[in-house]
Amino acid sequence: MKWALVAVGSCIVFVLVGVILLYSSYSPHTGRFFLAAGLYGLAGAFSNYVAVRFLLHNVFIARNEQQFKRAIRSIVMNLFFDRETIEAELVDHVRKVLGTFSLKKNLQSVFESDDFDGAIDKKLYQFAAGPDGMMLAMLGIPATSLKPLVTPIILGLATDLSPILEDVFTPENVITADRLADALHNVVTDRIQALTLADVRAVLKGVLFPHVAAMVLWGSLFGCLIGVATEIVQVSKFMQSFD
């Protein structure tokens, strides 16, 4: 910011020096160069600053909200979640994590949990209320007495099913680059669509404001150069008129 203020201050000094020289008998032609450099420099700095302020105006953001959101989504996806990044890093990382996952151990923990035990009791009560359960009750066999017989069979499924499921649901089959890319695209899209107008303005402000000083600085410098170049062209045309 300091250099931007120095540049703007220099342009103001150029204007003052140019006005003094232009309306004095000392060197009016030199004054035209100073005045042009100062005015063009101030115009460049001011136009860049106003452009940034205009971009951050609520009315402008509201009119172009969806375009800004699409641009933010495109930047996020292209920089962080492009196809090469997903294949080289995310897919391998997720597969390594899944590779440490023991399906057999987790199935056993589910089947041995209190919630699953309660689910067995619920199903047995439902069975007892049905025709088959009533028939067993007439024979003197309550449905609840079947639990010691059913539970070991269900627990044995964890041991029998886990090798089959592990062969089918391998990390390579479950996690692919296309599936992960689609999932990330949906998540990013949903999160960006949920941004409010204030959120979009905050994002733009965070991107543009750190560069306002540089834009003002370069605007003033290029403005000065354009102003001097314009005067040189005018002087050359004036000199050619005498040839």
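Here, the structure is the one placed above.
These numbers were taken from a predicted model, which means no experiment stands behind them.

1. Structural notes on the overall build of the protein
Consideration 1: In terms of helices and strands, the protein carries 13 helices and zero strands.
Consideration 2: Its helices and strands taken in sequence order, the protein reads α-α-α-α-α-α-α-α-α-α-α-α-α from the N to the C terminus.
Consideration 3: Counting the 243 residues in the protein, one finds 26% classified as buried.
Consideration 4: Sequence-distant contacts in the protein: of pairs separated by 6 or more residues, those separated by 24 or more amount to 77%.
Consideration 5: Accessible surface, the protein as shown: approximately 16500 Å² in total, 68% of it carbon and sulfur.

2. A look at the layout of surface pockets
Consideration 1: By volume, the second largest pocket is sized at about 160 Å³.
Consideration 2: Phe68, Ala71, Ile72, Ile75, Val203, Leu204, Val207 and Leu208 are the residues that line the second largest pocket.
Consideration 3: Residue assignment for the lining of the second largest pocket shows that the elements contributing at least two residues are helix H4 (65-80) and helix H12 (197-208).
Consideration 4: Residue classes in the lining of the second largest pocket are distributed as eight nonpolar, no polar and no charged.

3. Focus: the nonpolar core
Consideration 1: Membership of the largest hydrophobic core is limited to twelve residues, which are Ala4, Ala45, Val52, Leu56, Ile61, Phe68, Val200, Leu204, Leu208, Val212, Ala213 and Val216.
Consideration 2: Sorting the residues of this core by element identifies helix H2 (28-55), H12 and helix H13 (212-240) as the ones contributing at least two each.
Consideration 3: Once residues within four sequence positions are removed from consideration, Val212 is found in contact with Tyr49 and Val52.

4. Here's the deal with the packing of aromatic side chains
Consideration 1: According to the stated counting rule, one finds two aromatic pairs in the structure shown.
Consideration 2: When the centroid spacing of 5.9 Å and the interplanar angle of 35° are considered together, the rings of Trp218 and Phe222 count as tilted. Taken as a pair, Trp218 and Phe222 lie in helix H13 at a separation of four residues, close to a single helical turn.
Consideration 3: Overall, Phe222 belongs to the partly exposed group, its relative accessible area being 48%.

5. Structural notes on the side chain of Lys69
Consideration 1: The residue Lys69 is located in helix H4 in this model.
Consideration 2: Accessibility expressed as a relative area gives 3% for Lys69, which makes it buried.

6. A word on the environment of Leu5
Consideration 1: Counting through the fold element by element, Leu5 comes out in helix H1 (residues 2-22).
Consideration 2: Owing to a relative accessible area of 55%, Leu5 belongs among the exposed residues under this scheme.
Consideration 3: For Leu5 and Leu217, which are 212 residues apart along the polypeptide, the C-alpha to C-alpha distance reads 7.9 Å.

7. Thoughts on the state of the cysteines
Consideration 1: Evaluated as defined, the whole model comprises zero disulfides.
Consideration 2: For Cys11, which is in no disulfide, the shortest distance to another cysteine sulfur is to Cys224 and amounts to 3.7 Å.

8. Observations concerning H2
Helical periodicity: at 3.6 residues per turn, an α-helix aligns residues three or four positions apart in one direction.
Consideration 1: For H2, spanning 28 residues, the distance from its first C-alpha to its last is 40 Å, which sits close to the expected 40 Å at 1.5 Å a residue.
Consideration 2: If you check which residues of H2 are buried, you get Gly31, Leu35, Ala36, Ala37, Gly38, Gly41, Gly44, Ala45 and Val52.

Conventions we followed
- Residues numbered from 1 in each chain as written.
- Predicted model: local features only at pLDDT ≥ 70, side-chain atom pairs only at ≥ 80, totals over all residues.
- Heavy atoms only, no water.
- Helix = DSSP H or I, 4+ residues; strand = E, 2+ residues; numbered from the N terminus.
- Buried < 20%, exposed > 50% of the residue type's maximum accessible area, 1.4 Å probe, protein only.
- Contact = heavy atoms within 4.5 Å.
- Areas by Shrake-Rupley, 256 points an atom, 1.4 Å probe, with all protein chains shown as cover.
- 1 Å grid on protein atoms, 1.4 Å probe; cavity = no way out; pocket = protein on both sides within 12 Å on 5 of 7 lines; lining within 4 Å.
- Points joined across faces, edges and corners; volume = space filled by probe spheres on them.
- Nonpolar A, V, L, I, M, F, W, Y, C, P; charged D, E, K, R; others polar.
- Core = buried A, V, L, I, M, F, W, Y, C linked by side-chain atoms within 4.5 Å.
- Phe/Tyr/Trp six-rings, centres within 6.5 Å; stacked < 30°, edge-to-face > 60°.
- Disulfide = S-S within 2.5 Å.
- Expected span 1.5 Å × (residues − 1).

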